[in-house]
Structure formats: structure tokens, C-alpha cells
Amino acid sequence: MKNNKTYIMWLEEDTFIVDEFKQKALDNMLSLVQYTCWDDAYKELNSNIRKWGAIIINPLCKLGRGDRPNPSKLLPQVFCDIMSLNSKFEVIIPWYIFTDLDGSRFEDMVVSNRKIFDATWEKPYYNMYEDADNMFRRIKNQTSSVERTKIRQGVHKDFFDSLSALTNFGFSMDDVVSMEDILISLYDGKESNRCNFVNLRKIIEGLFKSMIHFNILPASLTNSSGELNTTACALFLINGSCTNGDYRYHRDEKFLDDVSVSNLYQILKICHGCAHSTSINEKTKKIDTNLYLETTKTNNLLHACALMLVDIILLYFRTLQTKGRENLNFYSVIKV
């Protein structure tokens, strides 16, 4: 199992202070890592920024190793560098000032953009001996949502904007959350119980349901239990025709390109071995994939499939936008 704790960078010169609060942090699933000067911390962030969930700042920490503590020198540089890193790597790293220093010595230097992630805390800092429990609890809550913000507002912003626009048009909010969790496990190494091929298959089902909603696929591609036949949906996209009962359906126009359709079918086979419906036992659906995962002991295959699906859904949404959503009909029906 991977470590599910969130790594928190702490700018604090006094190791005894860090040790004093380590257990409080662990109680909130936070792992504190001490940095005694900002120069060293900045180098780490610049090379491995996605490792870190938040930054705790003592204004009396040093800017460089040989410097003397000086809040008026440290804080403006730290805030400027954090904003630059956020822009460079398209992330949002929350930061928290944690100190026993009198607020009058530094609070006028605290930039207002802290309200982006900590708007409900009235003071611009946390007192080391009065507010520790509140701060660690807030960091825990905020970092869990920040991970989603990094995914949704970073490199995959266009995808999540598209997927969100299609909720209630085939996709569900569960599909959005599942894809967030899978991509968080890729970029931040944190896994949830949604990080599996079962949930990836459900997202594919959402895609097919969306295609049915927009008349790209026939609504009658179901099995004997009336459940969506995902294999039949994929094969219709590939072959352009299928027969169901007394009717034959023929695709009049391609909606997705051949590469996308081929990749979609391959992902579907990996997800559940081309099982026809959601009613099939979970072990039956993914047993072959599980054997592979037992051997590799990685999530690389899941992540590769998820990234392919991201491209497919993004292309699907853009094609919808190009062709228009109203009065689409990409197939004809013939009674046999």
C-alpha cells in the first residue's frame, strides 16, 4: 500500500518545536518535513512540487542558511516565490503562518491571497500555542480539496470542464469523482477505493449513455436483463452496424475517429474482458487484469488507460460542440 499521508513542508529552524507538533500532525494524516531556510525549501519545491500538500511558515525562519531571522525579508520573498511556483506548475499550494511571534511584527506583510484557501480563519496567522489543533485540522481538510483543485484546474482543466458539462447527459458526478481519484493517484501517489478498473469501466458506461442521449448510439443496445451492453456499444462504433431483436442499426456517419474508437475498445477489454453488462460478478469482470496487476504490482496500466480515456472524452465533447447538440442522429434503423 502507498503512504496516504500528506507531506507538509515546515519552515522552522527549531527541531524541538517540530517534534512537539509531529503527533498532532500525524493524527490528521499529515507528515511534517522540516526545512531550516527558505532557499533549501524553494529548491525542493521547484524540483518536486507535487509532493507537497501545504507549507507552514514561521516568520522567524531564515531566508538563506547564513542569514539572520528577519520576517520583513523572509515573508515577501516567500510569498513572491510561492505565487511564481503556482503559476509555473499550474498548482495551488496553501500556506499557513504558525508562530508564537506577536502578530504586529509581521501581519501587515501577509498577502491577501491566503483567503483563496483559508478564508474562514479571521487572523492572518495561527498562534503556536493556541491555534495548533485548528491549523492542522484545517490543513487536513484543505489539502484533500487542494489535490482535487490541482487536478481540475491544472493540466486537465479542459477535460474536467468538459466532463462536468456532460453530467446529467450520460455521465454522473460519481464519474467525475472517480476520474479525479484515479488522476490524483497518478500525480500525487494517493489512492482511494475508487482507483480501479471497475470505476474506469463505469466512466466508459457514462460515455456510452451520453452517446445514447445525443442519438449517436441506439438506446436498444442492451442485454437480456435490460442493462447497457457496453461491448455492443463499442462494436457498433467500430463496425458501424448491429442487429438487436427485429431491428438492424446502421451508422450513417462516424462521430469519433478510428484511433479513439480502437483505444476505447481496448480499454473496455482491459476493464472487464468484454463482459456484456454491469451485472457480472466483480471478480469475473477483472480477474485477468488482476492477474496482470498481481505480477506488475503497479497502477501503470490503470493510469495509461485513464489518460487515453481523458483524450477520448475530451475529443467527444469537442466534437459535440462542433456538430451541435440538438437533433443529432448518426444511425438509421431497418426492420429485419
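As a starting point, this report considers the structure included with it. Model, not experiment: these values are computed from the prediction.

A word on helix α8 (residues 197–213). For α8, which comprises 17 residues, the first-to-last C-alpha distance of 24 Å matches the rise-based estimate of 24 Å (1.5 Å per residue) to within 8%. Of all the 17 residues making up α8, 14 are buried; the element is thus mostly covered by neighbouring parts of the structure. Capping the start of α8 is the job of one residue whose side-chain oxygen sits 3.2 Å from the backbone nitrogen of Val198: Asn196. Residue Asn215 follows α8 closely and has a positive phi angle near 60°.

Here we take up empty space enclosed by the protein. According to the stated counting rule, one finds 3 cavities of 30 Å³ or more in the structure shown. Estimates place the volume of the largest cavity at around 70 Å³. Along the lines of polarity and charge, the residues of the lining of the largest cavity split into 7 nonpolar, no polar and 4 charged. Space inside the second largest cavity adds up to approximately 40 Å³. Looking at the lining of the second largest cavity, its residues break down into 3 nonpolar, 2 polar and 2 charged.

Next up on the list: the nonpolar core. One finds Met179, Leu200, Phe208, Met211, Leu217, Leu309 and Tyr316 to be the most contacted residues of the largest nonpolar core, which totals 51 residues. Among the elements of the structure, α6 (157–165), α7 (173–187), α8, α9 (230–239), α10 (258–272) and α12 (300–323) are those that each provide at least two residues to this core. At 10 residues, the largest contribution of residues to this core is made by α12. The residues contacting Met179, other than those within four sequence positions of it, are Phe159, Phe160, Leu200, Ile203, Ala306, Leu309 and Val310. One finds Leu101, Phe117, Tyr125 and Met128 within the second-largest nonpolar core, a separate group that totals 46 residues.

So, about the sheet that holds strand β7 (residues 247–251). Strand order in the open sheet made by the 3 strands is β6-β7-β8, with antiparallel pairing throughout. Two strands in the sheet have a free side with no partner beyond their single neighbour: β6 (241–244) and β8 (331–335). With strand direction ignored, the average angle separating the axes of adjacent strands in the sheet is 20°.

A word on the environment of Ser104. Mapping Ser104 onto the fold places it in the loop between β4 (95–99) and α4 (115–118). Since its relative accessible area comes to 57%, Ser104 is described here as exposed. Expressed as a C-alpha distance, the spacing of Ser104 and Tyr35, which sit 69 residues apart in the sequence, is 25 Å. Side-chain polar atoms of Ser104 contact the side chain of Asp102, separated by 2.3 Å.

A complete count under the given rule lists 17 aromatic pairs for this structure. When the ring of Trp38 is compared with that of Tyr42, the centres are 6.1 Å apart and the planes differ by 50°; the resulting orientation is tilted. Residue Trp38 and its partner Tyr42 are located together in helix α2 (residues 38–48), separated by 4 residues, close to a single helical turn. Among the residues examined, Tyr42 registers a relative accessible area of 27% and is labelled partly exposed. Three or more aromatic residues link up through ring pairs in this structure, and these residues are Phe79, Trp95, Tyr96, Phe117, Trp121 and Tyr126. The ring of Tyr187 is capped by Arg50, whose NZ or CZ atom sits 5.9 Å from the centre of that ring. The ring of Tyr7 is capped by Lys51, whose NZ or CZ atom sits 4.9 Å from the centre of that ring.

The geometry of α7 relative to α12 is characterised by a closest axis approach of 10 Å and an angle of 125° between their N-to-C directions. Between α7 and α12, the angle falls in the class oblique. Considering the relative orientation of α7 and α12, their crossing is left-handed. Across from Met179, Ile182, Leu183, Ser185, Leu186 and Tyr187 in α7, the residues of α12 making contact are Leu302, His303, Ala306, Leu307, Leu309 and Val310. Residue classes in the contact of α7 with α12 are distributed as 10 nonpolar, 2 polar and no charged.

Attention now goes to the environment of Asp257. Tracing the backbone shows Asp257 in the loop between β7 and α10. C-alpha of Asp257 to C-alpha of Ile312: the two residues are 55 residues apart in sequence and 9.5 Å apart in space. A distance of 2.7 Å separates the side chain of Asp257 from the side chain of Ser260, its partner in a polar contact.

Note: most peptide bonds trans; most residues except glycine with negative phi. The phi dihedral of Met29 falls on the positive side, at around 60°, and the residue is not glycine. You can see Met29 is positioned in the loop between α1 (15–27) and β2 (30–35). Although it is not a glycine, Asn168 sits at a positive phi angle of roughly 75°. Accessibility expressed as a relative area gives 72% for Asn168, which makes it exposed.

Rules of the game
Along each chain, the written sequence defines residue order, and numbers are assigned to residues from 1. Since the coordinates come from a predicted model, pLDDT governs what is reported: local features require at least 70, and pairs of side-chain atoms require 80 or more to be given and counted, while whole-chain, interface and lining totals use all residues. In computing side-chain values, all of the structure's heavy atoms are included and hydrogens and water are not. Counting from the N terminus, the helices are DSSP H or I runs at least four residues long and the strands are E runs at least two residues long. How far a helix is expected to stretch is found by multiplying one less than its residue total by 1.5 Å. Type-normalised accessible area, obtained with a 1.4 Å probe on protein chains alone, sets the label of each residue: buried when under 20%, exposed when over 50%, and partly exposed for intermediate values. Two N or O atoms form a polar contact when they lie within 3.5 Å of each other; inside protein one atom must be a possible hydrogen donor and the other a possible acceptor, and for residues adjacent in sequence the pair counts only when both atoms belong to side chains. Only protein atoms enter the calculation, which uses a 1 Å grid: trapped sets of points that fit a 1.4 Å probe without letting it out are cavities, open sets showing protein on both sides within 12 Å along at least five of seven lines are pockets, and any residue with an atom within 4 Å of a point is a lining residue. Grid points are joined across faces, edges and corners, and a volume is the space filled by probe spheres set on the points. Amino acids are sorted into nonpolar (Ala, Val, Leu, Ile, Met, Phe, Trp, Tyr, Cys and Pro), charged (Asp, Glu, Lys and Arg) and polar (every other residue, Gly among them). In these notes, a set of buried Ala, Val, Leu, Ile, Met, Phe, Trp, Tyr and Cys residues joined through side-chain atoms within 4.5 Å is what counts as a nonpolar core. Any two residues whose heavy atoms approach within 4.5 Å are treated as being in contact. Strands are labelled as partners when DSSP assigns at least two bridges between them. To define axes, lines are fitted to C-alpha atoms, for helices over the stretch in contact only, and angles between the resulting N-to-C directions are given on a 0 to 180 degree scale. Here is the rule: rings of Phe, Tyr and Trp (six-membered ring for Trp) pair when centre to centre is within 6.5 Å. Planes less than 30 degrees apart are stacked, more than 60 are edge-to-face, and the remainder are tilted. For a ring to carry a charge above it, either NZ of a lysine or CZ of an arginine must fall within 6 Å of the ring centroid while also lying within 35 degrees of the normal to the ring plane. Throughout, the term roughly parallel applies to angles under 35 degrees, roughly antiparallel to angles over 145, roughly perpendicular to angles from 65 to 115, and oblique to all others. For any helix crossing, the convention is left-handed if the near helix is rotated counterclockwise from the far helix by under a right angle, and right-handed if that rotation is clockwise.

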